[in-house]
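A structural walkthrough
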Amino acid sequence: MNWLDIAGTIIGLVYIYQEYKASIWLWITGLIMPLVYMVVYYEAGLYADFGMQVYYALAAIYGLIVWKLGRKRDQKAEEMPIKRVGRALLIPSLLFFLAAWGVLYFILVRFTNSTVPILDSFGNSLSFVGLWWLSRKYIEQWWVWIVVDIELSALYVYKGIYFTAGLYALYAVIAVAGYFKWQRMMAGEMPENNTDYKD
């Protein structure tokens, strides 16, 4: 499966570059990448990661629609603007993450032979939040991905998926750069795009 690991890494590099540029094309790439990683993760016994690929594919469709159509009628921009996550969403996001982590952990322990149920369920549960925030174009999604990428990179090294581990380590570095890139892009947009947009 090494060639699939390499293929997934290449596709992942395209994906993170598109995310860095806030390109709507990232969602198209996000439909292709899960198909490759379904095989990679299943062969490695990372069942939470495997199951997450179905979610990623569906989230890519949702993200594409929201980024293209999720703007106010009076906005001239073709796509939804970058914005900050509201404080009211922080506690619900944290609670959702904790609940998802508990449920995924239970499933892995009860129904699979996973040897890393805590770590496998942690990164994937936090990815739910990260992908949701990305679909809403919240700039803080980058900080979620920094944590996810570091944790998953270490997990993949442990499981012997070295190319993907390297990819996630690179993701963590790009996530830091991405945050500042989006910050500059957000500052260059009209003020009302960042303060008046309602979810």
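Procedures and definitions
Residues numbered from 1 in each chain as written. Predicted model: local features only at pLDDT ≥ 70, side-chain atom pairs only at ≥ 80, totals over all residues. Heavy atoms only, no water. Phe/Tyr/Trp six-rings, centres within 6.5 Å; stacked < 30°, edge-to-face > 60°. Buried < 20%, exposed > 50% of the residue type's maximum accessible area, 1.4 Å probe, protein only. Lys NZ or Arg CZ within 6 Å of the ring centre and 35° of its normal. Helix = DSSP H or I, 4+ residues; strand = E, 2+ residues; numbered from the N terminus. Polar contact = N/O pair within 3.5 Å; in protein donor to acceptor, adjacent residues only side chain to side chain. Contact = heavy atoms within 4.5 Å. Axes fitted to C-alpha atoms, helices over the stretch in contact; angles between N-to-C directions. Left-handed = near helix turned anticlockwise from the far one by under 90°. Nonpolar A, V, L, I, M, F, W, Y, C, P; charged D, E, K, R; others polar. pLDDT = per-residue confidence, 0-100. Expected span 1.5 Å × (residues − 1). Salt bridge = Lys/Arg side-chain N within 4 Å of Asp/Glu carboxyl O.

Some words on the packing of aromatic side chains
The geometry of two aromatic rings is summed up by the distance between their centres and the angle between their planes. All chains considered together, the criterion is met by 19 aromatic pairs. Arranged with centres 5.4 Å apart and planes meeting at 80 degrees, the rings of Tyr179 and Phe180 form a pair that is edge-to-face. Judged by its relative accessible area of 11%, Tyr179 falls in the buried class. Classification of Phe180 by relative accessible area gives partly exposed; the value is 41%. In this arrangement the basic side chain of Arg110 is found over the ring face of Phe111, its NZ or CZ atom lying 5.3 Å from the centre. Cation over ring: Lys137 sits above Trp67, and NZ or CZ is 4.3 Å from the ring centre.

Re the side chain of Lys83
By the secondary structure assignment, Lys83 is in the loop between helix H3 (47–69) and helix H4 (90–111). A distance of 2.3 Å separates a polar side-chain atom of Lys83 from the backbone oxygen of Arg136.

Here we look at the side chain of Ser153
Structurally, Ser153 is set in helix H6 (residues 141–158). A residue is classified by how much of its surface remains accessible, and Ser153, at 11% relative accessible area, is buried. Contacts of Ser153, omitting those with residues within four sequence positions, involve Ala165, Tyr168 and Ala169.

Describing the packing of H4 against helix H5 (residues 117–135)
Two numbers describe how H4 lies on H5: the axes approach to 8 Å, and their chain directions differ by 145 degrees. Our pair here, H4 against H5, has a crossing hand that is right-handed. Along its contact with H4, which presents Leu90, Ser93, Phe96, Phe97, Ala100, Trp101, Leu104, Tyr105, Leu108 and Val109, the element H5 presents Pro117, Ile118, Asp120, Ser121, Phe122, Asn124, Ser125, Leu126, Phe128, Val129, Trp132 and Trp133. Broken down by class, the residue content of the contact of H4 with H5 amounts to 17 nonpolar, four polar and one charged.

What to know about the confidence of the model for the protein chain
In this model, the protein chain carries an average pLDDT of 86, and 89% of its residues clear a pLDDT of 70 or more. Confidence drops under a pLDDT of 50 for residues 190–199, and excluding neighbours within four residues, the segment shows 20 contacts in the predicted structure.

With respect to helix H1 (residues 2–20)
Between the first and last C-alpha of H1 there are 27 Å, a value that for 19 residues agrees with the 27 Å anticipated at 1.5 Å per step. Those residues of H1 that are buried are in contact with helix H2 (26–44), H5, H6 and helix H7 (162–188). Immediately beyond the C-terminal end of H1, within one or two residues, lies Ala22, with a positive phi of roughly 55 degrees.

A closer look at the pattern of salt bridges
Applying the stated criterion to the full structure yields one salt bridge. Of the charged contacts in the structure, one is a salt bridge between Glu140 and Arg84, with a shortest N-O distance of 3.5 Å. Here Glu140, found in the loop between H5 and H6, pairs with Arg84, found in the loop between H3 and H4; they are 56 residues apart in sequence, far enough to count as distant. The exposure class assigned to Glu140 is buried, which follows from its relative accessible area of 16%.

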